[in-house]
Amino acid sequence: MAARGHVQDPNDRRLRPIYDYLDNGNNKMAIQQADKLLKKHKDLHCAKVLKAIGLQRTGKQDEAFTLAQEVATLEPTDDNSLQALTILYREMHRPELVTKLYEAAVKKVPLSEEYHSHLFMAYARVGEYKKMQQAGMALYKIVPKNPYYFWSVMSLVMQAISAQDEKLAQTMFLPLAERMVEKMVKEEKIEAEAEVQLYFMILERLGKCVEALEVIRGPLGEKLTSELQSRENKCMMLYQRLQRWPECNALAHKLLLKNPDDWQFYPSYFDSLFHLMDQSWSPPEEGDHCSEGAVHHTVAEVVRFVEERIKGEDGKESRSLRGPYLARLELMHRLRERGCPEESLLGEPLELMVQFFGKFGDKPCCITDLKIYLHLLSPEQHVQFINRLSEAVPLGEQGEEGFAFPDDTKALQRHLCVCQLSRALGLHHSLDVDGKLRLIAELKAHYRHGLKFGKNALKTELQFSDMYCLMAAHVYIDLWTETGDENMVWQSLGLLQEGLSHSPSNAQFKLLLLLLYCHLGAFEPVVDLYSSLDAKHVQHDTIGFLLTRYAESLGQFAAASQSCNFSLRFFHSNQKDTSEYIIQAYKYGAFEKIPEFIALRNRLNQSLHFAQVRTERMLLDLFLEADIVLSLEESVKAMSLSAEEDDIPWDNMRDNRDLTVFTSWDPKERQLTDEHRRRSLEEESVWLRIRSLTLRLLAFLAGLGHTPSQQNSEIANENGVGDKTSVLSSLLSQLNQTLQTAAQMAEKRIQSVLVVLQYPFLGPPSTRLAPALSSGSCQCQAAALQLSVHLQELETVGLDESSELQTQICNGFKSLVVQLQEILNKCKGDLLEMKENKLKTQPSLLENLIFFVETVCIVLWMASYCAKILRPLKTSLQKKKKKKKDANTPVVVCGFQELTGSLQDLLTQALEHIKGQETGMTALKLASLTLEGYAQEEVSYTKAAMDKVQSSYLRSLQEVGDLLKKRAETIKNLKI
């Protein structure tokens, strides 16, 4: 009930039940309630819009849009209708309609602050920066508040950022924005920090660093208070851009005196030193060195300064600061890079690192701190260094297994750090097989011993000894990749599963398990693992590739579809979400964040992963279509697929994959290099181009299914619709060219036997490109699509005078059958088998089977197009032959009948092979497998991993079999 004395709008009371139904997701009741209300109150516009929202949410988009437009054309000015229409248009992804709505409202109520600000935000959603500038100024004239004025200024800056012509930005937009702010400065109307930040941003973009420095160091700079050291950071950046190295050095020195642990100022301090040395700078004889104070312009002064910070630390009883110790190592690294003899002033790197370990070895960050400076040690010092560190690790008495264990978590962390550094120096990799197995036994013993320290840990907390487990898994993987012994990968899986049972939130265990299962061709367990990672927002772009790369290629079509939807949902919401972030940034004056949000939106729109997922999802939908023959056209239409348009931003493609997501302690020569990244992106792009062209050619085939008859083609040409042959030949030529490039790349890869060019195991996954080419599926698909050109010619010439062409087409049919048979032969063999009490997998057979399925689908589309062309041609020929009494069947018709018969035989063969695999695999009794050399606690985890792989293979075979059965039904309908 409304409080007494408060006058409530009666319409609010009437609309309340509809709002409640919509909020609770009861859309049907909302529509009914709206209809009831509209019978009594025909002019209640908001009820109509709320009904439209209900219709939109029940999938009746067209009805909803019609209803909304009825209200919109009346140009409502009541708040309820405007808000409801805004919600509806946003759900329809039509933000441009909201601008028209508020433009009309502002004309009718020109002094409304609320409607003017809504109009500004509506323009912000669609990125209409010029109109935003005008709306901001109109708002400021009605209500002269500073934020509105600066909205207009920021909109000018956005025009500069988005301008195609940089000259226009520098000569018009930014100078105008600068003058607008200067006007406020002169009138002393600057009130907020955001306004100073915006002024700084404008000057910085204009390259007016001196003026920007004056602003920061002047009274306006005093308003910069929200971030710690905001003024100092900006001054430092400007000094560097102006190459004022004395000021840069003095400011860094001054700030490090205040806080010796603030790492961000050490690189500036060292950079400025070397620039001063290069310029042979010397201080003036009288007065201050510079406006910021004393300058350290020699290595000796800088070394003394760093050493003083360390001595100051040594005397303290409180927590030691890592900054000065790391600064000493960083300075040594830089001096060595420049070949400066003064490096000796700092001492021996080995001693400095041992000292660092003594201070900070019990902290998890010690390994990441020291890892980047290990190159300072000579190879001869590696073993000596590890021995020195081991002496500083307090271990207890030796246990039954012959290993001494730490007594507390600090000692455990020190021992763990030594193991990690040993691996980073390559000492693990240099061991022989027996040495590696002994190392694994030691790591596992330390892992299990360390679990006692985390007995009372929560499920969300990691165990102290988790990294021993992960490292042991890495050594198993080394053995697997070096010896090919699959027993090692099973043991690794078992160990990681054991680790995950004690530490259910360990993301690294999940990621490595995910990778190993994918390498074994088992996708089923991967879905739950990825889901439990609970990837957030931009992670769907950075690590989503781990899931989507393997989904379809391992035959789990339902899961593949789900995985693609998962990623696409994020990319599609990005557009809407980014607009909301921009609006919030305007509201709260966080102007410097607006270009960042727009850069994020562009980064995601241009993402390689986004383009891949979009393409693969559409192809997958087409492959899974229940009836290929009847529904290709409808599917292509529903996807809004166009053969003529390529919506992938090839020139601005961004590789946003996080290829360092796996924790690794590998030495530098085994790590991911820039060359690896470049080659991976190149391969991914070529594979994406092949898939994209295949998709567009299928869209073209769908369009050809209902091409106008030949006698109408001239009229069609006049109407600008006509001849599509140029599009088809262009697409086919691009596909053949891309396949040539791909073949050359694959050839290079085979020739480059150097290990350097192989991706590290924890690096980017290899694309499907190489196996697709070696299976022959790419070539077969291209040949099938190429036949559509000859079929078009046949449609033009007819069956009477085309014997040569018909023979050519028939040869094409025979060639396709031979190629398909070869692909199927490459699928034969046992996917999972037990030999000499060992379990063996051949995941490449499964990948080849998927290539066979995809190729069959494409051949069937070509065949269905062929049937569409041959049916009318055969009918007209039969009519002619009745008159001539000639009973010979055309060659191409016989060839087509042979093709469908052969395809039926191939599918029968494939289904028998799958059935045989399923029978053989189900008969494998994994429970009876005796795992020798396994500890008792490992056996159950390893067998569970084996069961998961077996179950996943069976699931894949079932899904592939079901799809092939559908295709066998399709062939029966391919009759002329």
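Residues numbered from 1 in each chain as written. Predicted model: local features only at pLDDT ≥ 70, side-chain atom pairs only at ≥ 80, totals over all residues. Heavy atoms only, no water.

**Brief notes about the pattern of salt bridges**
- Overall, the coordinates contain 46 salt bridges when judged by the stated rule.
- Among the salt bridges present, the one from Arg 328 reaches Glu 307, with a minimum N-O distance of 3.4 Å. Pair noted here: Arg 328 is in helix α17 (residues 322-338) and Glu 307 is in helix α16 (residues 299-314), with a separation of 21 residues, a long-range link.
- The exposure class assigned to Arg 328 is buried, which follows from its relative accessible area of 5%. (Salt bridge = Lys/Arg side-chain N within 4 Å of Asp/Glu carboxyl O. Helix = DSSP H or I, 4+ residues; strand = E, 2+ residues; numbered from the N terminus. Buried < 20%, exposed > 50% of the residue type's maximum accessible area, 1.4 Å probe, protein only.)

**Looking at the nonpolar core**
- Within the largest apolar cluster, 306 residues are counted, with the highest numbers of intra-cluster contacts made by Phe 385, Tyr 586, Phe 591 and Phe 852.
- For this core, the element with the most residues is helix α39 (residues 843-884), which contributes 22 residues.
- When we break this core down by domain, the ones giving at least three residues each are domain 1 (242-347) and domain 2 (811-849 + 870-975).
- Discounting chain neighbours no more than four positions away, the residues touching Tyr 586 are Phe 120, Met 121, Met 132, Trp 151, Met 154, Ser 155, Met 158, Phe 591 and Ile 594. (Core = buried A, V, L, I, M, F, W, Y, C linked by side-chain atoms within 4.5 Å. Domains from an automatic or database assignment. Contact = heavy atoms within 4.5 Å.)

**Concerning the domain arrangement of the protein**
- What the domain assignment lists for the protein is domain 1 (242-347) and domain 2 (811-849 + 870-975).
- Put simply, the middle of domain 1 and the middle of domain 2, counted by C-alpha atoms, are 69 Å apart.

**Quick word on the side chain of His 116**
- With respect to the secondary-structure elements, His 116 resides in helix α7 (residues 113-126).
- Each residue touching His 116, except ones within four places of it in the same chain, is listed here: Val 106, Pro 110, Ala 138, Leu 139 and Ile 142.

**Digging into the side chain of Ser 422**
- Relative to the elements of secondary structure, Ser 422 occurs in helix α21 (residues 409-424).
- For Ser 422, a relative accessible area of 9% translates into the label buried.
- Engagement of the side chain of Ser 422 in a polar contact is seen with the backbone oxygen of Val 418, the distance being 2.8 Å. (Polar contact = N/O pair within 3.5 Å; in protein donor to acceptor, adjacent residues only side chain to side chain.)

**Focus on the packing of helix α9 (residues 146-162) against helix α11 (residues 193-205)**
- Close contact between α9 and α11 brings their axes to 11 Å; oriented N to C, the two are set at 25°. On the basis of their axis angle, the class for α9 and α11 is roughly parallel. The handedness of the crossing between α9 and α11 comes out as left-handed. Touching Asn 146, Phe 150, Val 153, Met 154, Val 157 and Ile 161 of α9 are Glu 195, Leu 198, Met 201, Ile 202 and Arg 205, all from α11. (Axes fitted to C-alpha atoms, helices over the stretch in contact; angles between N-to-C directions. Parallel < 35°, antiparallel > 145°, perpendicular 65-115°, else oblique. Left-handed = near helix turned anticlockwise from the far one by under 90°.)

**Points about unusual backbone geometry**
- The phi angle at Glu 188 is positive, at roughly 55°, despite the residue not being glycine.
- Along the chain, Glu 188 turns up in the loop between α10 (166-186) and α11.
- Note on Glu 188: relative accessible area 72%, which makes it exposed.
- Although it is not a glycine, Ser 280 sits at a positive phi angle of roughly 50°.
- With relative accessibility at 61%, the residue Ser 280 sits in the exposed group.

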